[in-house]
Each structure stands twice: as C-alpha cells, then as structure tokens.
Amino acid sequence: MGKDTLFEYINNFGFGKKTGVDLNGEGTGILFSLSQVGPVELATTAFGQGVSVTAIQQVAAVSAAINGGTLYTPYIVKRIIEPETGEIIQENTPQKVRTVISEKTSETVRMALESVVSLGSGRNAYIEEYRVGGKTGTAQKVNNGKYMVGNYITSFIGFLPANDPKVLVYVAIDNPKGISAYGGTVAAPIAKNILLDSIDALDIEKETGGVDKEYQWYEKKYYTVPNVIGMNVKDANKELSNFNVEYSGTGLTVKSMSPEAGNRLAEGSTIRLLLGN
C-alpha cells in the first residue's frame, strides 16, 4: 500500500484524533507522523506495533468496517429524560463523519472476520446457530521505550450477526495471569458470554448460511438432531448415534421425541423417545 495510502486509511478510520464521544478526558492515541515513517515504521504500523489506539476508537473504526463503510461519532447516552414529565431534554442520534470504504469492501471484511471465528484464532467466540465475526489481538506492552517480556494486553472484538451486525463487543484484558496470553484464549470466551446475553436482550434470531466451524479434536462437537418420528427403534438408534438416547413407553415405533428435530445439540446430549405401536 505504501505509507501514504496506509496512513490515509488510518486517519479516515478515526485513529490519532478524538472521536467526539460524550465522555470527558478522551485520548487521541499515538501514531507516527508521516515524516517519521520509514520502512521499519511502515511495517510495524501495519501489524499494530509502535502505535496505540483507544478502545472507543477501535470500536468506532471496526463498526465502520462492518456496517457498510460509514464512520459515525460514538455516544454513550442515548437520551436524557425529565423524570417527572417524561420530556426528552436531550437525545443523541447517529451522526455520520465520513464514508471510509465501499459497501462491497465492508461485506468482504465481514466475511473475513466471520472466518476468523469459524476457522481461526477466534473460535472460542463461536456460537452455534448464530453468525459471529471477530478478531483477536495480543499486544506486547511497553515500559521505558522497550517491549516487556511476558506482559501483554489480550483482546477480542466481535460482532453478530456477521451478515447484518446488530451488536459489537470489545474486550481487553491487561496482563492476564496463569493462562496462555492470547486474545483467542483469554478475551474471546468473555466476549462470547456478552454476545450470548446480547442475543437475549436484543431478541436476535438464529441464522443459517454462515461459515461452518471446523472443530478441533479437543472441542465439543455439535450436531443437528434428525427427525426419527415414525422410525423403528433400530433405525432411530442409527440416526441418533451422536447422542445419548433414552426411551419411555412400549412398542417398537417412535411416536414423539424431545428435543425436537432440527435443534443443534452437543455430542452426547440426551434425546428422549416415546415409543408406541
């Protein structure tokens, strides 16, 4: 890209300046000035060393990257209401700053970040039957101008649904102890729990058509429950080989099942079959 193009995008995404969020004491982060950028600074900036950004800058920039390409001014307070009358005293609405990338590029970014969660380092944020995108981060901390050994800020920024984002979560952990210090192992599981709560709070529906997760040998696998109603017991057992099967009733034919067919359940989950003739 070269330094001019790279830093043009860095500036357009809002890094190096205040976002204008409605909080006191906002920082600007630290960037190289263009005159300072040589081959080393260009390389390190490209992968995130030698620069610093604030959390709200990160959230605003990633939101722009996945929302169709538009950078907005973030805000914390949606509205202020007079408690006695209910009159709205002040209300914030989305304020466009600029268009940074095209909708097509934004779509490509969403697909790439969904792959990070399904196939890559963000797999600990994967949620069955939901499309989650995200990116892990593992940043070496600096002290007195030198990178510290074994001291990191691990992070994960994730969003869902990946094809039509409704919520974005950024989690950063300063110098985690007693665990492998990577964003995917430390921050991604925390972000997943927040996203799960967001699904309930925003009533986000399940979706299909995303990037299927490639399971590792140590991960719990999930399977779709097949419909075995009307089958004889022997055939039903074959279809439900990934699950633990319990029976009630008498007879050789499956009359009903719980949970219902179509649910995604962990390997070894219990399926209850009611038998009859």
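Since the structure is predicted, the reported quantities are computational estimates derived from the model, not experimental observations. (Residues numbered from 1 in each chain as written. Predicted model: local features only at pLDDT ≥ 70, side-chain atom pairs only at ≥ 80, totals over all residues. Heavy atoms only, no water.)

Time to look at the overall build of the protein. Counting its regular elements, the protein contains 6 helices and 12 strands. Here the C-alpha radius of gyration of the protein, 24 Å, is well above what a compact globule of 277 residues would show, namely 19 Å. The C-alpha extent of the protein, read off along each of the three principal axes, is 80 × 55 × 40 Å. Considering the protein as a whole, with its 277 residues, one finds that 33% of them fall into the buried category. For the protein, the proportion of contacts with a sequence separation of at least 24, taken over those separated by at least 6, is 60%. Accessible area of the protein: about 16200 Å², with a carbon and sulfur share of 52%. For the protein, the separation between the mean place of its 26 positive charges and that of its 29 negative charges on side chains is 6 Å. (Helix = DSSP H or I, 4+ residues; strand = E, 2+ residues; numbered from the N terminus. Rg over C-alpha atoms; globule rule 2.2 N^0.38 Å. Buried < 20%, exposed > 50% of the residue type's maximum accessible area, 1.4 Å probe, protein only. Contact = heavy atoms within 4.5 Å. Areas by Shrake-Rupley, 256 points an atom, 1.4 Å probe, with all protein chains shown as cover. Lys, Arg positive; Asp, Glu negative; His and termini not counted. Charge placed at Lys NZ, Arg CZ, Asp CG, Glu CD.)

Here we take up the pattern of salt bridges. Inspection of the entire model under this criterion finds 7 salt bridges. In this structure, Glu 129 and Lys 206 form a salt bridge, with 3.3 Å as the shortest nitrogen-oxygen distance. Separated by 77 residues along the polypeptide, Glu 129 in the loop between α4 (103-119) and β5 (133-143) and Lys 206 in the loop between α5 (183-202) and β8 (222-224) bring together distant segments of the chain. Given a relative accessible area of 22%, Glu 129 falls into the partly exposed group. (Salt bridge = Lys/Arg side-chain N within 4 Å of Asp/Glu carboxyl O.)

Our next topic: the sheet that holds strand β12 (residues 270-276). Taken together, the 3 strands give an open sheet; going across it, the order is β9-β12-β10, and neighbouring strands pair in mixed fashion. This sheet does not close on itself; its edge strands, each paired only once, are β9 (244-249) and β10 (253-258). With direction set aside, neighbouring strand axes in the sheet form an average angle of 35°. One ladder, built from 5 bridges, connects β10 with β12; its direction is antiparallel. Bridge pairing in β12 links Val 254 to Leu 275. (Pairing = 2+ DSSP bridges. Axes fitted to C-alpha atoms, helices over the stretch in contact; angles between N-to-C directions.)

At their nearest, the axes of helix α3 (residues 55-66) and α4 sit 7 Å apart, and the two run at 110° to each other. Considering their axes alone, α3 and α4 lie roughly perpendicular with respect to each other. Residue-level contacts link Ala 64, Ala 65 and Ile 66 of α3 to Ser 106, Val 109, Arg 110 and Leu 113 of α4. Class assignment for the residues of the contact of α3 with α4 results in 5 nonpolar, 1 polar and 1 charged. (Parallel < 35°, antiparallel > 145°, perpendicular 65-115°, else oblique. Nonpolar A, V, L, I, M, F, W, Y, C, P; charged D, E, K, R; others polar.)

The next subject is the packing of helix α1 (residues 2-12) against helix α2 (residues 39-46). Running from N to C, α1 and α2 point in directions that differ by 40°, and their axes come no closer than 11 Å. Handedness of the crossing formed by α1 with α2: left-handed. Every residue of α2 that contacts α1 at Gly 2, Lys 3, Leu 6, Phe 7 and Ile 10 is listed here: Leu 42, Thr 45 and Ala 46. A per-class count over the contact of α1 with α2 returns 5 nonpolar, 2 polar and 1 charged. (Left-handed = near helix turned anticlockwise from the far one by under 90°.)

Next up on the list: the pairing of strand β7 (residues 167-174). Note: strand β6 (residues 146-160) against β7, 8 bridges, orientation antiparallel. Counted as the bridge partner of Phe 156 is Val 171 from β7. Hairpin connection of β6 to β7: 6 residues between the antiparallel strands.

We now examine the nonpolar core. Within the largest apolar cluster, 17 residues are counted, with the highest numbers of intra-cluster contacts made by Ile 127, Phe 156, Leu 160 and Leu 195. If you list the elements that add at least two residues to this core, you get β6, β7 and α5. A total of 5 residues in this core trace back to one element, the largest contributor, which is α5. In this structure, Leu 195 is in contact with Ile 127, Val 132, Gly 158, Leu 160, Val 167 and Val 169, ignoring residues within four places of it in sequence. (Core = buried A, V, L, I, M, F, W, Y, C linked by side-chain atoms within 4.5 Å.)

This part takes up unusual backbone geometry. Backbone torsion omega between Leu 160 and Pro 161 reads -15°, so that peptide bond is classified as cis. The topology assignment puts Pro 161 in the loop between β6 and β7. With an omega of -5°, the peptide bond between Ser 258 and Pro 259 qualifies as cis. The residue Asn 144 is not glycine, and still its phi comes out positive at about 55°. Structurally, Asn 144 can be placed in the loop between β5 and β6. Non-glycine residue Asp 203 carries a positive phi angle of around 55°. Relative to the helices and strands, Asp 203 is located in the loop between α5 and β8. What makes Asp 203 exposed here is its relative accessible area of 64%.

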